[in-house]
Each structure stands twice: as C-alpha cells, then as structure tokens.
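Topology and contacts: notes
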Amino acid sequence: MSVSPHLSWMIIRNNNAFLVKKRDIKKPFSKEPNNVTNLNSFRYNGLVHKKTVGVVENPDRKGFTIVYKKAKAANKPAKNTVRCQFKAGARRSLFKVKRLLKANHYRTDLTKATLRRASAILRSQRPIKAKKPKSAAAKSE
C-alpha cells in the first residue's frame, strides 16, 4: 500500500530529522537526500515523491553524480535509486543532465535547480588562481 505524497508531506513537513531550523529564518532548510535546493518545501522534498533528483559531488572531486529514483521501484528502497556519474567537462556534463531530464520527462520542474546545483559543484572544484600582488612602483607614477 502506498501513501500519497501530499499526506506524507503533511506528516513530515514540520518535524523530521533533516530539518535545519535557525533563529531569524522564517522558512527552515532541509538536509535530506535528493533535495536539490535544500529548502523545506513540497516541490523539492526528496522523501515524499516517487520521482526525485539529487546532485552530489564525486568522491574524487572530479565531476558530479546525478541520483534519481525509479518510480516503478518505489516500495523497494534498495533498488529504487540510480546513479549517473558525469566527468566529461562542465559544458558537456551540464548539457547531458539537461537532456537526461527533458528527454525522459523526468521532473522537468527541477531542471533549472538541478543545473544550478551541478554548476555550483563544478565551480567549487576549480583550482583557485593566485592573485598577483600590485607593485608599489605602479602607484608612484
């Protein structure tokens, strides 16, 4: 027997282990898996929906992995997640993610948020460029 996503959301929306409540923040954050924006809302929740999308960094810090659920295996938690690694480079990987979500009609409402999360992960993996110190001679002219 499966429970509707709306009923599940009404049960867990205010109290669950993944909520992050801070003092001066009106809407709490969420640390659950497959939540692309880390916001506690019905749309982005990774626990209640049959189809969810998540983006995680690869362990070797090269590229990222898309994690999504198979809707047919909703009642089998061990078998319902699929992981796809993307290491080909930023532009090519982001294009492949966009194509994966749009061509399969898989949570197209989360496409933009997924691409933002993936590009943020790729941006964090870039090496930091050392800034050259400005010389004192240039200021005296």
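Residues numbered from 1 in each chain as written. Predicted model: local features only at pLDDT ≥ 70, side-chain atom pairs only at ≥ 80, totals over all residues. Heavy atoms only, no water.

An unreviewed UniProt entry annotates the chain as Large ribosomal subunit protein eL28 of Eumeta variegata. The heading Sequence similarities (unreviewed entry) in the UniProt record of the chain holds the text "Belongs to the eukaryotic ribosomal protein eL28 family." (UniProt positions renumbered as here; feature names shortened; annotations may be inferred.)

**Concerning the UniProt feature "domain: Ribosomal eL28/Mak16" (unreviewed entry) in the chain**
UniProt feature "domain: Ribosomal eL28/Mak16" (unreviewed entry): in the numbering of this structure it lies at residues 7–124. Annotated as residues 7–124, this span is 29% helix and 18% strand, and its ends, taken at the C-alpha atoms, are 37 Å apart. (Helix = DSSP H or I, 4+ residues; strand = E, 2+ residues; numbered from the N terminus.)

**Remarks on helix H3 (residues 111–124)**
Taking 1.5 Å of rise per residue, the 14 residues of H3 would be expected to cover 20 Å, and the 20 Å separating its terminal C-alpha atoms lies within 8% of that figure. Of the residues making up H3, those classed as buried are Thr111, Ala113, Thr114, Leu115, Ala118, Ile121 and Leu122. Along its buried surface, H3 packs onto strand S3 (53–57), strand S4 (64–69) and helix H2 (90–103). (Expected span 1.5 Å × (residues − 1). Buried < 20%, exposed > 50% of the residue type's maximum accessible area, 1.4 Å probe, protein only. Contact = heavy atoms within 4.5 Å.)

**What about the packing of H2 against H3?**
Their axes nearest at 10 Å, the elements H2 and H3 cross at an angle of 155°. As judged from the angle between their axes, H2 and H3 are roughly antiparallel. The element H2 and its partner H3 pack so that their crossing is right-handed. Contacts between H2 and H3 pair Ala90, Leu94, Val97, Lys98, Leu101 and Lys102 from the former with Thr111, Thr114, Leu115, Ala118, Ser119 and Leu122 from the latter. (Axes fitted to C-alpha atoms, helices over the stretch in contact; angles between N-to-C directions. Parallel < 35°, antiparallel > 145°, perpendicular 65-115°, else oblique. Left-handed = near helix turned anticlockwise from the far one by under 90°.)

**What about the nonpolar core?**
Ranked by internal contacts, the top residues of the largest apolar core, which has 14 residues, are Val55, Phe64, Ile66 and Val97. Elements supplying a minimum of two residues to this core: S3, S4, H2 and H3. Ranked by the residues each element gives to this core, the list is headed by H3, at four residues. Discounting residues that sit within four places of it in the chain, Val55 has contacts with Phe64, Thr65, Ile66, Thr114, Arg117, Ala118 and Ile121. (Core = buried A, V, L, I, M, F, W, Y, C linked by side-chain atoms within 4.5 Å.)

**Concerning the environment of Ser41**
Position of Ser41 among the secondary structure elements: in the loop between strand S2 (29–30) and S3. Expressed as a C-alpha distance, the spacing of Ser41 and Pro28, which sit 13 residues apart in the sequence, is 9.1 Å. The contacts of Ser41, once residues within four sequence positions are left out, are Trp9 and Lys27.

**As for the packing of aromatic side chains**
Enumeration over the complete set of coordinates arrives at three aromatic pairs. Centroid distance Phe64 to Phe86: 5.4 Å. Interplanar angle 25°. Geometry classified as stacked. With a gap of 22 residues between them, Phe64 in strand S4 and Phe86 in strand S5 (residues 81–86) connect regions that are remote in the sequence. A ring pair is formed by Tyr68 and Tyr106, whose centres lie 5.3 Å apart and whose planes are at 65°; its orientation type is edge-to-face. Here the residue Tyr68 occupies a position in strand S4, and Tyr106 occupies one in the loop between H2 and H3, the gap between them amounting to 38 residues. The class of Tyr68 is buried, set by a relative accessible area of 18%. Given a relative accessible area of 9%, Tyr106 falls into the buried group. (Phe/Tyr/Trp six-rings, centres within 6.5 Å; stacked < 30°, edge-to-face > 60°.)

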